[in-house]
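Below, each chain spelled out in residue letters.
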Amino acid sequence: MSSFLSRFLQALFPPKCLVCGRPAPEGLCPACRKQLPPEPLCRTLTLPDGNNLPVRCPLPYEGPYREALHRLKFQGRRALAQPLGTLMARAVSSGAAYDGVTYVPLSEKSRRARGYDQSRLLADRVGALLQLPVLELLSKVRETDVQHQLPGSQRMENVRGAYQAKNAAGLRLLLIDDIVTTGATLLTCAQTLYGAGAAAVDGLCAADTAGPERT
């Protein structure tokens, strides 16, 4: 898309606050931004080999943010990936350096049923804002049970072996997903990327179910 067309479309359909709907080029209007935690929500997950997977999220998975993600995932509101992705890009550590953005994909069956992959939409927005390529490195090779319907103790086993990765030799990657709960899916995908040669993997999600206590 040309820069002129992009500016024209933004003027015609200005970005809106994902909470109140007022014009908000950065995802939230000033009033709603004041309700956010002052810093991104951060936690560190541990891979089976001992490597750490730092994960950053701009939003707690609660209230209007939970509703916005629900609309993005299940109600076809794919335009919400724009403000959510904007907030995610702002949550990336200023000192971090990456070779590209990748994402946790849906299975082909789920993507066809939904009509789009919400994590890919978020990755596209993050990549555009950070000026990083979006790399389709991961694929989901078997169906799994719905993670949020399982107790935490079963989630890692549910996704074990569910993803494959293309060659990621030497790449420093930002791994995108929509929501982090136990981190089982992110851990599995990060481990798969390391197995494909990645040099470093950091996680970035829109929301953390654990809330501000993870900061």
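All of these numbers come straight from a predicted model, not from anything done at the bench.

A short note on the overall build of the protein
Link 1 in the chain: When its secondary structure is counted, the protein shows eight helices and eight strands.
Link 2 in the chain: In the protein, which comprises 215 residues, the share counted as buried stands at 44%.
Link 3 in the chain: Roughly 10900 Å² of accessible area belongs to the protein as shown, and the carbon and sulfur atoms make up 50% of that amount.

What about the nonpolar core?
Link 1 in the chain: Of all hydrophobic cores here, the largest spans 32 residues; its most connected members are L18, L28, L84, L174, I176 and L204.
Link 2 in the chain: Counting only elements with at least two residues in this core, the list comes to α3 (63-74), α4 (81-91), β4 (100-103), α6 (118-130), β7 (172-180) and β8 (200-208).
Link 3 in the chain: Tallying contributions element by element places α4 first for this core, with five residues.
Link 4 in the chain: In this structure L174 touches V92, Y98, G100, V101, T102, V126, L130, D202 and L204, once residues within four positions along its chain are discounted.

Notes on the pattern of salt bridges
Link 1 in the chain: Counted under the stated rule, the structure contains seven salt bridges.
Link 2 in the chain: Across the pair R120 and E136 runs a salt bridge whose closest N-O atoms are separated by 2.4 Å. Of this pair, R120 sits in helix α6 while E136 is found in the loop between α6 and β5 (138-140), placing the two residues 16 residues apart along the sequence.
Link 3 in the chain: Taking relative accessible area as the criterion, R120 reaches 23% and is therefore assigned partly exposed.
Link 4 in the chain: A cluster of three or more residues bridged by salt bridges with shared partners is formed by E108, R111 and R112.

What about unusual backbone geometry?
Link 1 in the chain: Phi angles above zero are rare outside glycine, and Q131 is one such case at about 55°.
Link 2 in the chain: With respect to the element layout, Q131 can be found in the loop between α6 and β5.

Here's the deal with the environment of G100
Link 1 in the chain: Position of G100 relative to the elements: it lies in strand β4.
Link 2 in the chain: Put simply, G100 and L175 are 75 residues apart on the chain and 9.0 Å apart in space, counted from C-alpha to C-alpha.
Link 3 in the chain: With residues up to four places along the chain from it excluded, the contact list for G100 reads L132, P133, L135, R172, L173 and L174.

Rules used throughout
Every chain's residues receive numbers from 1 upward, in the order its sequence appears when written. Predicted model: local features are reported for residues with pLDDT of at least 70 only, side-chain atom pairs are reported and counted for 80 or more only, and whole-chain, interface and lining totals are derived from all residues. Side-chain numbers here rest on the full set of heavy atoms in the structure, without hydrogens or water. A run of H or I in DSSP counts as a helix once it spans at least four residues, and a run of E counts as a strand once it spans at least two, with each numbered from the N terminus. For every residue, the accessible area obtained with a 1.4 Å probe (protein chains only) is divided by the maximum for its type, and the residue is called buried under 20%, exposed over 50%, and partly exposed between those limits. Computed with the Shrake-Rupley method and a 1.4 Å probe, the accessible areas treat only the protein chains shown as cover for residues. Side-chain atoms within 4.5 Å are what join buried Ala, Val, Leu, Ile, Met, Phe, Trp, Tyr and Cys residues into a set we call a nonpolar core. For this analysis, residues touch if any pair of their heavy atoms sits within 4.5 Å. What counts as a salt bridge is simple: a side-chain nitrogen of Lys or Arg found within 4 Å of a carboxyl oxygen of Asp or Glu.

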